[in-house]
Amino acid sequence: MWLRSLIVASFLQMGVVGAANAAGPFGSVNVGNWIGGAFSNDQTGAFSHCAATAPYANGVMLVVGQNAAGSWTLSFASPSYRFKQGENAAIDVIFDGQEQARLFATANQPNMLTAVMPANVTRTFQKAGLMVATSGRTVLNFDLTSAGTVVTALANCVTRVKADGLSKAGDFTKVAAKPQAAPDKQAPPASGKSGRGKSGTGFVVSASGHLVTNNHVINGCVGDIKGNLTGEAAMVLRVVSTDANNDLALLQAPSTTAFKDFARIRDRSFHSGDSVVAIGFPYHGLLSSDFTVTTGIVSSLSGMRNDTRFLQISAPVQPGNSGGPLFDTTGQIVGVVTGKIPGLRIAAVTGDIPENINFAIKTGALRDFLDNSVVPYQTAEPKGELKTTDIAGNARAYTMLISCTATEQADAKR
C-alpha cells in the first residue's frame, strides 16, 4: 500500500499531462501496476484529462494520458530528474524491436518529461509488449504487457466523463465498447486485408530469374508480390515453392526478364571467425532506397539451441534484411539472412540487451531446397578476396527489394 500511496502522491504533484493544478483522481483506472483515473483543472473545475501511471524497476514512472480534446501524451517521471522548466528533449522509442518513432518531450515539471503521442504511435504503444526509450546515452526498457488495456480504459474514461460528468466517474476499466485509442483507424475490410506494405530482400540464383527469399517475407501477402533492383522498375514475381520449416521461398521473375548476373553458392566449407557481408533493404521507406551493406564474422556454425541449419553472424541486420544474401569475402553466397535474436524480449528476462546476434540459413538447406525445386543454380570455388565495395557492386545486379501488401495477421508476425 505504501508504494501505491507514493505513486498517487507523485502523480498529483507532477501535474500530469500538462494540467498544472490537476485535482483527482475521480473514478479509477486500475490495471496491473497501472493506477489512475479522471482529473479536473483546479482553477476552473472543468474536466481536464484521464491518466494512469506505472512504476518500473529502472526508477522511472510512465504516465500515459488522454485529454478532453482527445490528444494522447506519454510522460517519463523520476525523482532523480532535474530538468529546467520548458527544457526540451528528443526521445527515440522502439516497440517490440521493430516499430520506431521519435517523440519531442518538454519538461513542465523538474522531474518529468512529457511528449504528445501521435495517433499512430498510440496505436503501436497499445499493441506492443516492450518499449525501449533512448535519449542521449540513456536507454530504458519498459514492459508494456498491460498497456493495451490501460489505453482502452483511459479512452473509455474520457468518453464517459465527457458524457456523464465527473460526479458519475466509476471504474473505467469496465469497457463495453471497442477501444477508442485510435479514432482515425479504419476497420479492415471483410477480406482481412490491411493495406499495409510489407518488404524484405531477395536475390537471383539463376539466369532464368529464380529468386530466393525467406518464406516469412511473402507469407500472408495478398495480391501481387513485386521485386525491383535498385533504380529500376518493379516486376511482378511468381511464387514457385516455399519451405516454411527452413523459412525459404522461391520466386521467379517474368519470362521476358533475363539476368546476365546472378549469385553463385560457395562450394567449400565455412568456419567460425570467417568474415561475411550482408546486403539488404532494411526499414524500406525510412532509410535509403538503395540497399545497405554491413560486415561481420561468423560467430557460430549453429543457431538458437544448436540448430545446425543456421549460422550465427555478427553483421548487423534489421527488419527488411530478411531473405537477403550473405556473402563470403570472395563474393560467394554462404547463407540467406533470416533474422535476429529477439533482443528486447531477452532484455526483459535477463536485464541485458544482446548485441550483434543474428542468423542466416546455411547453404546446405538452401541447396536442398533449390534441388527439390529443380533450379539450375551454380556453385563456385572461392578464388580470391574482393573488397566489400566490389562485392556490393556485383550484388547490385541481382539483389532485389521484395514487397507486397500483407494481411493484418501476417504483418504482425514480421
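One can find the structure itself at the top, above this paragraph.
Residues numbered from 1 in each chain as written. Predicted model: local features only at pLDDT ≥ 70, side-chain atom pairs only at ≥ 80, totals over all residues. Heavy atoms only, no water.

S.K.: Would you explain the state of the cysteines in this entry?
M.R.: As used in these notes, a disulfide is a covalent bond between sulfur atoms, one from each of two cysteines. Going through the model one piece at a time under the given rule, you end up with two disulfides. Disulfide pairing places cysteine 50 opposite cysteine 157 at an S-S distance of 1.9 Å. In this structure, the disulfide formed by cysteine 50 and cysteine 157 twists by about -70° around the S-S bond and is classed as left-handed. Of this pair, cysteine 50 sits in strand E3 (residues 47–55) while cysteine 157 sits in helix H3 (residues 147–164), and the two are 107 residues apart along the sequence. You'll find cysteine 50 and cysteine 157 in the same group, each marked buried. In this model cysteine 221 forms its disulfide with cysteine 404; the gap between the sulfur atoms is 2.0 Å. Residues cysteine 221 and cysteine 404 share a disulfide whose torsion about the S-S bond is about -65°; that sign makes it left-handed. With cysteine 221 in strand E13 (residues 221–228) and cysteine 404 in strand E24 (residues 399–407), the pair connects residues that are 183 residues apart, well separated along the chain. Take cysteine 221 and cysteine 404: they sit in the same class, and that class is buried. (Disulfide = S-S within 2.5 Å. Helix = DSSP H or I, 4+ residues; strand = E, 2+ residues; numbered from the N terminus. Buried < 20%, exposed > 50% of the residue type's maximum accessible area, 1.4 Å probe, protein only.)

S.K.: Before we go on, may I ask you to explain the environment of serine 78 in this structure?
M.R.: One can find serine 78 in the loop between strand E5 (72–77) and strand E6 (88–95). Its relative accessible area of 4% is what places serine 78 among the buried residues. It is 6.2 Å that separates the C-alpha atoms of serine 78 and methionine 61, two residues lying 17 residues apart in sequence. Those residues within four positions of serine 78 in sequence are excluded, and the remaining contacts are Gly59, Val60 and Asn111. Polar side-chain contacts of serine 78 include one of 3.3 Å to the backbone oxygen of glycine 59. (Contact = heavy atoms within 4.5 Å. Polar contact = N/O pair within 3.5 Å; in protein donor to acceptor, adjacent residues only side chain to side chain.)

S.K.: Whenever I open this one, the packing of helix H2 (residues 119–127) against H3 confuses me. Can you help?
M.R.: H3 packs onto H2 with a crossing angle of 130° between their chain directions and a minimal axis gap of 6 Å. With respect to H3, the element H2 is oriented oblique. Contacts from Thr122, Phe125 and Gln126 in H2 reach Ala147, Gly148, Val151 and Thr152 in H3. (Axes fitted to C-alpha atoms, helices over the stretch in contact; angles between N-to-C directions. Parallel < 35°, antiparallel > 145°, perpendicular 65-115°, else oblique.)

S.K.: Explain helix H6 (residues 363–372) here, please?
M.R.: Three- or four-residue spacings in an α-helix give side chains the same orientation, since the helix completes a turn every 3.6 residues. Within H6 the residues assigned to the buried category are Thr363, Ala365, Leu366, Phe369 and Leu370. On an axial view of H6, the arc spanned by its buried residues comes to 160°, and they lie on one face. Lining the buried residues of H6 we find strand E12 (210–213), strand E14 (235–243), strand E15 (248–252), strand E16 (265–266), strand E21 (333–340) and strand E22 (358–362). Looking at the residues trailing H6, positive phi occurs at valine 374, about 55°. (Arc of directions from axis to C-beta.)

S.K.: Explanation requested: the nonpolar core in the structure shown.
M.R.: Across soluble globular proteins, nonpolar side chains show a tendency to be buried alongside one another. In this structure, Phe125, Met131, Phe142 and Leu144 are the most contacted members of the largest nonpolar core, which totals 46 residues. Broken down by element, the residue count for this core peaks at nine residues, all from H3. Once residues within four sequence positions are removed from consideration, phenylalanine 142 is found in contact with Tyr56, Asn58, Val60, Leu62, Phe76, Gly129, Leu130, Met131 and Ala133. The next biggest cluster of nonpolar side chains, apart from the first, holds 44 residues, and it includes Val212, Phe291, Ala365 and Ala395. (Core = buried A, V, L, I, M, F, W, Y, C linked by side-chain atoms within 4.5 Å.)

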